[in-house]
Amino acid sequence: QVPPAGTMCGILAVLGVGDVSLAKRSRIIELSRRLRHRGPDWSGIHSFEDCYLAHQRLAIVDPTSGDQPLYNEDKTVVVTVNGEIYNHEELKAKLKHHKFQTGSDCEVIAHLYEEYGEEFVDMLDGMFSFVLLDTRDKSFIAARDAIGICPLYMGWGLDGSVWFSSEMKALSDDCERFISFPPGHLYSSKTGGLRRWYNPPWFSESIPSAPYDPLLIRESFEKAVIKRLMTDVPFGVLLSGGLDSSLVASVVSRHLAETKVARQWGNKLHTFCIGLKV
Ligand SMILES: NC(=O)CC[C@H](N)C(=O)O
């Protein structure tokens, strides 16, 4: 079952290839094109020395100016992101002296890094996979959301390069070794390792201690659906035929009229389902 807001966009980052030739750049653009189906709205690439950050965009928030990669004020920090940051407005409010260049929800990642360093990831409420390059010391970090809604793979090239990609097919041919990036983790080039950034208190509980509370479940479920209505483009609900997707559709239809998107596109909910011809 697909959440109301799409999770697509394709990212590819290649860091430290030790080759700044045009041939290498073309190769990386060609590999990024293998992710084109994840984002038809824009293809972007930023290179700094022998590091490349590429993006295929499916525009959700600020379609007109939120193209990626995204930057901090002086473009020393570059990010390529697949995801939606639901609390980006609140986070922006904490970054009053930062100047934002776009209305993209993802730009906040570059500014948070500037302000707080690597430790900002647990401030994000959303689903995401991203790679961030700090050109000042050529360090980089990559992170994936708490439960791995957005896909991410990581690989290592024979030339010492480190790769990240939304799908395996953009790195498998050029990496000697690759892994599925673990959800809730952060990779930092400074320490050279992966560490878990998602550490909720219940992680260490072997037996859940919170009592069953159906009202709380209902409230959390509704909140989870409503925050996913953050979009500037029309959306629909994919119905699986079961109870879960029907519940999602019912919450969406109750709250559709309050959304920004309804003012522009009308408040009729579109639903889809998949069938097989026999
Ligand atoms: N599909 C995505 O990952 C979207 C990225 C970003 N939130 C945007 O709206 O452009």
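In case you missed it, the structure is sitting above this.
Going along each chain's sequence as written, the residues are numbered from 1 onward. Given that the model is predicted, a residue must reach a pLDDT of at least 70 before its local features are reported, and side-chain atom pairs must reach 80 or more before they are shown or counted; all residues, however, enter totals for whole chains, interfaces and linings. To get the side-chain values, take all heavy atoms of the structure and skip hydrogens and water.

Hey, could you run me through the site of the ligand in this one?
A molecule or strand has a residue near it when one of that residue's heavy atoms lies within 4 Å. The local shell around the ligand consists of Met-8, Cys-9, Arg-57, Leu-58, Ala-59, Ile-60, Val-61, Asn-82, Gly-83, Glu-84, Asp-105 and Cys-106. One of the backbone N or O atoms of Val-61 is found 2.6 Å from an oxygen atom in the ligand. Polar contact criterion, stated in full: a pair of N or O atoms within 3.5 Å, where within protein one must be able to donate a hydrogen and the other to accept it, and residues adjacent in sequence count only if both atoms are side-chain atoms. Asn-82 is positioned with one of its side-chain polar atoms (N or O) 2.9 Å from an oxygen atom of the ligand. Calculation on the ligand without its partners gives an accessible area of 290 Å², and the protein chains cover 100% of this total. For the shell around the ligand, the element with the most residues is strand β5 (residues 77–85), which contributes 3 residues. Gly is placed with the polar residues, together with every amino acid not listed as nonpolar (Ala, Val, Leu, Ile, Met, Phe, Trp, Tyr, Cys and Pro) or charged (Asp, Glu, Lys and Arg). Class assignment of the residues belonging to the shell around the ligand gives a composition of 7 nonpolar, 2 polar and 3 charged. Working definition of accessibility: Shrake-Rupley area with a 1.4 Å probe, residue cover restricted to the visible protein chains. Counting from the N terminus, the helices are DSSP H or I runs at least four residues long and the strands are E runs at least two residues long.

Please clarify how unusual backbone geometry should be interpreted in this entry.
Among all residues save glycine, negative phi is the norm, and among peptide bonds the norm is trans. For the bond from Gln-68 to Pro-69, the omega torsion is 5°, close enough to zero to count as cis. One non-glycine residue, Asp-62, lies in positive phi territory at about 55°. Mapped onto the fold, Asp-62 is located in the loop between β3 (51–57) and β4 (70–71). One non-glycine residue, Lys-75, adopts positive backbone phi at about 60°. As for its placement among the helices and strands, Lys-75 is situated in the loop between β4 and β5.

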